[in-house]
Amino acid sequence: MKLGAIEGGGTKFVVGVGNEHGEVFDRVSFPTTSPEETMQKCIDYFKEHEVEAIGFGCFGPIDPDRNSKTYGYVTTTPKPGWAQSNVVGALTDAFPDMPIGFDTDVNGACLGEVYFGAAKGLKNAVYFTIGTGIGGGAYVEGHLLHGLLHPEMGHMKLIVREDDSYKGKCPYHGTCFEGLAAGPAIEERWGQSAKELPLDHPAWDLEAYYIGQALANIVLTLSPQKIILGGGVMHQSHLFPMISKYMNQFLNGYIQKDELQAEDYIVWPELGDNAGLCGSLALALQAKKECE
Ligand code: ADP
Ligand code: ZN
């Protein structure tokens with residue numbers, strides 16, 4: 001089966017062709033310019049590469065509700081030119097009968113890990129990307145979670161540690177998860193590129209404290225069977241055991257499940273830096289199945 005994938009990011013778009021096993025055969029990327037120009041490039045690509053369905057994991061916020069008047073829109077983004085843009089409309093105008101799966105980039109990445117990667121076979125999993133921002137996607141009882149809009153778990157408020165005087169970087173919430181722990185917050189707090197901070201720098205213990213705290217909240221609210229952490233900051237693989245330690249400290253023994261202590265409870269995406277594009281393949285596959 002030939003499936004199309006669009007990974008729509010704020011700085012670049014990646015389009016590709018793959019199959020129902022999450023194998024990618026071809027990929028092309030280009031900078032995110034205006035919605036018209038960017039979507040036209042996606043359309044031109046799929047005019048050249050015939051596919052049976054297209055999955056589109058997009059930066060947000062978006063409207064993923066098929067019953068809504070603004071289904072398929074990027075909604076309130078501060079990204080110039082993109083607020084209230086009908087990105088799925090552009091695709092359906094060009095390919096009227098094509099099944100299209102549209103979701104947040106992180107819900108897509110979460111589904112990709114469920115279909116093809118670290119969470120294969122599980123009915124409950126959560127995926128976070130910790131990079132320029134923090135976004136979370138959730139798969140709950142066999143479905144991606146949308147609800148009112150879609151989860152925005154990167155903006156949950158966290159308790160600031162006593163020794164941290166940083167005011168937080170989120171323009172909406174100051175010291176939310178993203179405001180405290182995304183790459184730009186690390187860099188502003190410590191005045192140094194996150195990539196260059198040495199392994200023994202206190203930044204990493206504080207980072208693990210915030211991520212661990214956020215994951216404890218997620219365990220308490222969504223009860224995932226596995227948590228997958230991707231994004232630039234998580235290339236610091238020494239963070240994983242530290243995050244597990246803090247998550248369990250915050251839970252304080254309240255949930256008696258051995259899995260919480262296991263090394264494979266909090267993991268790097270099995271699809272690695274392909275998580276985004278494979279996530280969109282998973283969205284395409286889901287859309288194709290829904291049309292059958
Ligand atoms: P985006 O979120 O824009 O898709 P990334 O996931 O690569 O992109 O995240 C970029 C952020 O991650 C930057 O703030 C950068 O400082 C941080 N980052 C990237 N690589 C590393 C690394 N190896 N160690 C720590 N931080 C990193
Ligand atoms: Zn916030």
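One numbering rule holds for all chains: residues counted from 1, following each sequence as written. Numbering of ligands from 1 and lettering of chains from A proceed in the order in which they are written. Reporting in this predicted model follows two pLDDT cut-offs: at least 70 for local features of residues, and 80 or more for side-chain atom pairs to be given and counted; totals over whole chains, interfaces and linings ignore these cut-offs and use all residues. Side-chain measures were taken over the full set of non-hydrogen atoms in the model, leaving aside hydrogen atoms and water.

J.: What's the story with the sheet that holds strand β7 (residues 100–104) in this structure? I'm lost.
T.: Either a parallel or an antiparallel arrangement is found when strands of a sheet pair, and the pairing is made through backbone hydrogen bonds. Pairing between strands requires that DSSP locate at least two bridges from one strand to the other. A run of H or I in DSSP counts as a helix once it spans at least four residues, and a run of E counts as a strand once it spans at least two, with each numbered from the N terminus. In spatial order, the strands read β3-β2-β1-β4-β7; together these 5 strands make up an open sheet with mixed pairing. The sheet is open, and its two edges are formed by β3 (24–31) and β7, each paired on a single side. Neighbour to neighbour, the strand axes of the sheet diverge by 15 degrees on average, direction disregarded. Bridge analysis of strand β2 (residues 12–18) against β3 gives 7 bridges, and the strand direction is antiparallel. Bridge assignment links Gly16 to a residue of β3, and that residue is Arg27. Pairs of residues are marked as contacts when any of their non-hydrogen atoms sit within 4.5 Å. Geometry is summarised by axes, namely lines fitted to C-alpha atoms with helices restricted to the contacting stretch, and by angles between N-to-C directions that run from 0 to 180 degrees. Against the sheet, helix α3 (residues 105–116) engages β4 (53–58) and β7, with an angle of about 110 degrees to β7. Contacts from helix α8 (residues 275–291) reach β1 (3–8), β2, β3, β4 and β7, with the element oriented near 130 degrees to β1.

J.: Even after reading the chapter, I still don't get the sheet that holds strand β10 (residues 143–144), so can you show me in this structure?
T.: Within the open sheet, the 5 strands sit side by side as β10-β9-β8-β11-β12. Their pairing is mixed. Where the open sheet ends on each side, the last strands, each with one partner, are β10 and β12 (266–267). As judged from the 2 bridges shared by strand β11 (residues 226–230) and β12, these two strands associate in the parallel manner. Residue pairing across strands places Ile228 opposite Val267, the latter belonging to β12. Contacts from α3 reach β8 (125–130), β9 (134–140), β10 and β11 within the one sheet, and its direction differs from that of β9 by about 50 degrees.

J.: I would appreciate a short explanation of the site of ligand 1 in the present structure.
T.: Neighbouring residues are identified by heavy atoms, a residue being near a molecule or strand if any of them is within 4 Å of it. The environment of ligand 1 is formed by Gly131, Thr132, Gly183, Pro184, Glu187, Ala194, Lys195, Gly231, Gly232, Val233, His235 and Gln236. Two N or O atoms form a polar contact when they lie within 3.5 Å of each other; inside protein one atom must be a possible hydrogen donor and the other a possible acceptor, and for residues adjacent in sequence the pair counts only when both atoms belong to side chains. Contact distances for ligand 1 include 2.5 Å between an oxygen atom and a side-chain N or O atom of Glu187. Gly232 places a main-chain nitrogen or oxygen 2.8 Å from an oxygen atom of ligand 1. Coverage of ligand 1 by the protein amounts to 64% of the 570 Å² it exposes when considered alone. Note that accessible areas follow from Shrake-Rupley with a 1.4 Å probe, and for residues the cover is restricted to the protein chains shown.

J.: What exactly am I supposed to notice about the packing of aromatic side chains here?
T.: For any pair of aromatic rings, geometry is given as the distance between the ring centres together with the angle between the planes. To pair, rings of Phe, Tyr and Trp, with the six-membered ring standing in for Trp, must have centres within 6.5 Å; the planes then decide the type, stacked if under 30 degrees apart, edge-to-face if over 60, and tilted in the middle. Enumeration according to the criterion identifies 12 aromatic pairs in this entry. Between Phe13 and Phe56 the ring centres are 6.0 Å apart and the planes differ by 65 degrees, which places this aromatic pair in the edge-to-face class. Taken together, the residues Phe13 in strand β2 and Phe56 in strand β4 connect sequence positions 43 residues apart. Phe56 shares its class with Phe13; the two are buried. The interplanar angle of 85 degrees and the centroid separation of 5.1 Å between the aromatic rings of Tyr45 and Phe46 together place this pair among those described as edge-to-face. When sorted by exposure, Tyr45 lands in the same class as Phe46, which is buried. Among the aromatic side chains, those forming a connected cluster through ring pairs are Phe13, Phe30, Phe56, Phe59, Tyr71, Trp82 and Phe102. Charge-over-ring placement is defined geometrically: NZ (Lys) or CZ (Arg) within 6 Å of the ring centre, and within 35 degrees of the ring normal. We note Lys245 situated over the ring of Tyr246; from NZ or CZ to the ring centre the distance is 4.4 Å. Any residue under 20% of the maximum accessible area for its type is buried, any over 50% is exposed, and the rest in between are partly exposed; the area is computed with a 1.4 Å probe on protein chains only.

J.: How should the pattern of salt bridges be read in this particular structure?
T.: Side chains that differ in sign of charge can pair as their charged atoms come close. The term salt bridge refers to a pairing of a side-chain nitrogen on Lys or Arg with a carboxyl oxygen on Asp or Glu at a separation within 4 Å. Within the structure shown, the criterion is met by 6 salt bridges. Across the salt bridge formed by Asp205 and Arg161, the nearest N and O atoms sit 2.9 Å from each other. Of this pair, Asp205 sits in helix α6 (residues 202–222) while Arg161 sits in the loop between β10 and α4 (177–181), placing them 44 residues apart in sequence. A residue is classified by how much of its surface remains accessible, and Asp205, at 24% relative accessible area, is partly exposed. Among the ionic pairs, Glu188 bridges to Lys169, the shortest N-O distance being 3.2 Å. You can see Glu188 sitting in helix α5 (residues 183–190) and its partner Lys169 sitting in the loop between β10 and α4, a full 19 residues away along the chain. Its relative accessible area of 38% is what places Glu188 among the partly exposed residues.

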